Structure formats: structure tokens, C-alpha cells
Amino acid sequence: MGDKPIWEQIGSSFIQHYYQLFDNDRTQLGAIYIDASCLTWEGQQFQGKAAIVEKLSVSKSQGRAAGSSFPILLVTAHCPLFLLQSLPFQKIQHSITAQDHQPTPDSCIISMVVGQLKADEDPIMGFHQMFLLKNINDAWVCTNDMFRLALHNFG
């Protein structure tokens, strides 16, 4: 790893740590976010550490589509496609296909991840995730996180 630029070393280490926590104990993910952090999950936005942790936590009583771990989509007057709050699956396993990291002019690191995930008994699905990492008090934290399943609707 010594041959890689420092931003790639930091980014790769962060990605490994993030998905290890996500797959094994999502309750620990709060440690990587700060109160100013933002998460966009499938187009739904969450701001602040508490809101992000709530979204990424496991909910035992959410509505699910029959035979699926992913939440039911609700249509409301205020928001045409609203995902239920917490993530409904109990088990998840990520497999990283590729990751890229770049330094930013303000000494942050942007990381992009492409991979596959398997949640509960659902089929394997592709995903994309982007992180903006910032060093605060000698610790790298995630200030921005964007996630999308790699689903395409050609209809």
C-alpha cells in the first residue's frame, strides 16, 4: 500500500472499515459521521448524524414488498416516492468491485465505490456509493454520502 498516494490509502482504508461496520454492526456507523454530515439514500436526503444513524439502522416493523427486504414505496401528496425511514433488511453483505479516490482542493478525499450487495434473501444487486471524507481533529469522517442501487428502468 506504500506505493499508493496517501489519499488512496486513506480512502481504501475508510471503505474497508465502512463496509465491515455496515455488514456486521450498523449501530457503529455513527462514529464516522458528524452533525453536519449529509446522506442521500436512493434520492432521499438526511442531514445530521442522528438522522443518518436512524436511516441506516435496522427496523423490525417496516412495510416490505412481498418476498423482498427492501421497503415498500409509498405515494403521498407531498412526496411522490417516499421510502420508509429505516433500512428493513436484517443481514447484508457488500462485495466491492471497484473504488476510486481523489484529493480535493480543500484537503478532503472523494471516494466512489461500485459493487454488489445481497440483503437477506433478495437477489444480488449492483450499487454505487460516493463518500466525501474530511480530516477533523486527526480523524477522517464522512461529511457527504450518496448511495444508489444500480437498477435501470428501460420501460
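It should be emphasised that the depicted structure is a prediction, and the values quoted were computed from it without experimental measurement.

Let's talk about the sheet that holds strand β7 (residues 125–136)
The six strands are arranged β2-β1-β8-β7-β6-β5 in an open sheet whose pairing can be described as mixed. If you trace the sheet from one side to the other, it starts and ends with β2 (44–47) and β5 (92–103), each paired once. Taken pair by pair, the neighbouring strands of this sheet meet at an average axis angle of 15°, ignoring direction. As judged from the 10 bridges shared by β7 and strand β8 (residues 139–149), these two strands associate in the antiparallel manner.

Brief notes about the confidence of the model for the chain
On average, residues of the chain carry a pLDDT of 84, and 80% of them reach 70 or more. Note on residues 61–84: pLDDT under 50 across the span, and 52 contacts to partners over four residues away in sequence or across chains.

Regarding the side chain of Ser111
Turning to its location among the elements, Ser111 is positioned in strand β6 (residues 109–119). Among the polar contacts listed, one links the side chain of Ser111 to the side chain of His101, at a separation of 2.6 Å. Those residues in contact with Ser111 that sit more than four places away from it in its chain are Gly11, Ile15, Asp100, His101, Gln129, Met130, Phe131 and Leu133.

Some remarks on the pairing of β2
Of the two faces of β2, the one holding Gln44 and Phe46 is buried and the one holding Gln45 and Gln47 is not buried anywhere. Bridging between strand β1 (residues 33–41) and β2 involves four bridges; their strand directions are antiparallel. Looking across to β2, one finds that Cys38 is bridged to Gln47. Counting the residues between successive antiparallel strands, the hairpin from β1 to β2 contains two residues, one of them, Glu42, with a positive phi of roughly 55°.

Reading the values: rules and limits
Residues numbered from 1 in each chain as written. Predicted model: local features only at pLDDT ≥ 70, side-chain atom pairs only at ≥ 80, totals over all residues. Heavy atoms only, no water. Pairing = 2+ DSSP bridges. Helix = DSSP H or I, 4+ residues; strand = E, 2+ residues; numbered from the N terminus. Axes fitted to C-alpha atoms, helices over the stretch in contact; angles between N-to-C directions. pLDDT = per-residue confidence, 0-100. Contact = heavy atoms within 4.5 Å. Polar contact = N/O pair within 3.5 Å; in protein donor to acceptor, adjacent residues only side chain to side chain. Buried < 20%, exposed > 50% of the residue type's maximum accessible area, 1.4 Å probe, protein only.

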